[in-house]
Amino acid sequence: MDTRKKEITTLVVCGLLAGAVAVVLAIGGNPKNMAICVACFIRDIAGGLGLHSAAKVQYIRPEIIGIVVGALIMAIVGKEYKATAGSSPLTRFFLGFMMVIGALVFLGCPLRMVLRMAAGDLNAWIGLVGFAAGIVTGVFFLKKGFSLGRAVKVGKAEGIILPVVLVVVLVLSLTTALFKASTEGPGSMHAVVLVSTLGGLVFGAVAQKSRMCFAGGLRDTFLVRDFSGLITIGLLFGIVLVYNLVTGGFKLSMADQPIAHSQALWNILGLYVVGFAAVLLGGCPLRQLALAGSGSGDSAVTFLGMLVGAACAHNFNLASSTDGATMGGQIVTIVCIVALFAIAAVNLKKRNA
Amino acid sequence: MIELDAKGLSCPQPLMMVNDAMAGNPGETIVVEVDTATPRDNILRLAARKKRQASVEEVDDIFRITIE
């Protein structure tokens, strides 16, 4: 019983810290209802690196780097760092690729979905239906025996590469003019670097410690009636909701929500892709960053898939705008759904292999 | 006694293996090996919810969980 109490206390503290970071980043100047969004910020980094040329969404977001490094530090401190790799890396690359495209059709990862829900954005509440349906579909295949196979222990350095590369990118972004930075649009809205970096570090540490996962929270509720994962998410939602109510940021509507569109079908299907892909991967975009920081080479590859996917989403006009989903975005969302079913089907019955 | 090897598997597969083994073999001792902390904690939480005694020993970076 004591262990359980300790566990719940940890989850509560982590949820409160996550909510506090989101509020600080919102006050600090990050885009509306986007205090912290893994998909959007990876997309901004892709733009900053020049991997896409959408001028309004280019910025090396210190939050993403902070999350990975914060998770790494927490994993080392908690003696949970372990370098592993080898569980269908290329499949994971493309699952990450599709997961970010789904997120950019909706306009946000599951974390931003929760932030948007806490601001009264009904499009996000509608999108939640698709996210949950994607998770249920993934759970169906898990029950049928879906597995991407085993990861094995690898040299410790394997798990350090991504955090080191990200830190180098951050340092270069601060000391050189190598990278692009938006002068208008969402990419130009950001908290000062120190606040963003510290916010990311705390968020990453909290995500690692609490295993915060927006897909896992719902998945384990459906699968084994384990509600633990919803505690941190619920607190994050609650704190941001209170912040929005107090500051007048709460507006219950579908229309005119910041950096959002109100095409219900594509909000649902975009997040369906995210939920389905996240369950096949074993975690949402945020969780992939925390796992990458904890030494998972497979999650580091998933991150690269998200980075390339985000670049493609803007190079090929797949990402939605406030006007709604593009024709290309609609076609690729359907293609992603078909591809996810195919990946799920061909990886069945390997669990005991 | 049922022995399960859940090393290297992504969440929630280790948890599902144990859950299935518990459901299929009521009361039987289950020994499961995992190699990361998250499935270890998830399995311990599952055992506690099912009111089963569970213990962990760590040998060479492998967690060996015994559920009685």
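The coordinates are above.
A few points on the structure.

Residues and elements named next belong to chain A. Judged by nonpolar contacts, the single largest core of 134 residues is most densely connected at Ala22, Ile42, Val68, Val100, Leu104, Ala277 and Leu286. Per-element accounting of this core gives the leading share, 13 residues, to helix α11 (residues 264-281). Sequence-distant contacts of alanine 22, that is, excluding residues within four places in its chain, are made with Ala35, Ile36, Leu115, Leu236 and Val240.

Right, let's get into the packing of helix α4 (residues 89-106) of chain A against helix α13 (residues 297-315) of chain A. All names here are of chain A. Where α4 contacts α13, the two axes come as close as 7 Å, and the packing angle between them is 45°. In terms of orientation, α4 lies oblique with respect to α13. Here α4 and α13 pass one another in a crossing that is right-handed. Packed against α4, whose contacting residues are Pro89, Arg92, Phe93, Phe94, Leu95, Gly96, Phe97, Met98, Met99, Val100, Ile101 and Leu104, the element α13 presents Asp298, Val301, Thr302, Phe303, Leu304, Gly305, Met306, Val308, Gly309, Ala310 and Ala313 at the interface. Looking at the contact of α4 with α13, its residues break down into 17 nonpolar, four polar and two charged.

In an α-helix, one turn spans 3.6 residues, which is why side chains three or four residues apart end up on the same side. All names here are of chain A. With 15 residues, helix α7 (residues 161-175) should reach 21 Å at 1.5 Å per residue; the first-to-last C-alpha distance of 21 Å fits that figure. Residues Leu162, Pro163, Leu166, Leu170 and Ser173 constitute the buried set of α7. An end-on view of α7 places all buried positions within 100° of arc, on one side of the element. Facing away from the buried side of α7, by more than 90 degrees, are the exposed residues Val164, Val168, Val171 and Thr175. At its buried positions, α7 is contacted by α2 (38-48), α3 (62-77), α12 (285-293) and α13.

The rules behind each value
- Residues numbered from 1 in each chain as written.
- Chains lettered and ligands numbered in written order.
- Predicted model: local features only at pLDDT ≥ 70, side-chain atom pairs only at ≥ 80, totals over all residues.
- Core = buried A, V, L, I, M, F, W, Y, C linked by C-beta atoms within 7 Å.
- Buried ≥ 20, exposed ≤ 12 C-beta atoms within 10 Å, placed from the backbone.
- Helix = DSSP H or I, 4+ residues; strand = E, 2+ residues; numbered from the N terminus.
- Contact = placed C-beta atoms within 7 Å.
- Axes fitted to C-alpha atoms, helices over the stretch in contact; angles between N-to-C directions.
- Parallel < 35°, antiparallel > 145°, perpendicular 65-115°, else oblique.
- Left-handed = near helix turned anticlockwise from the far one by under 90°.
- Nonpolar A, V, L, I, M, F, W, Y, C, P; charged D, E, K, R; others polar.
- Expected span 1.5 Å × (residues − 1).
- Arc of directions from axis to C-beta.

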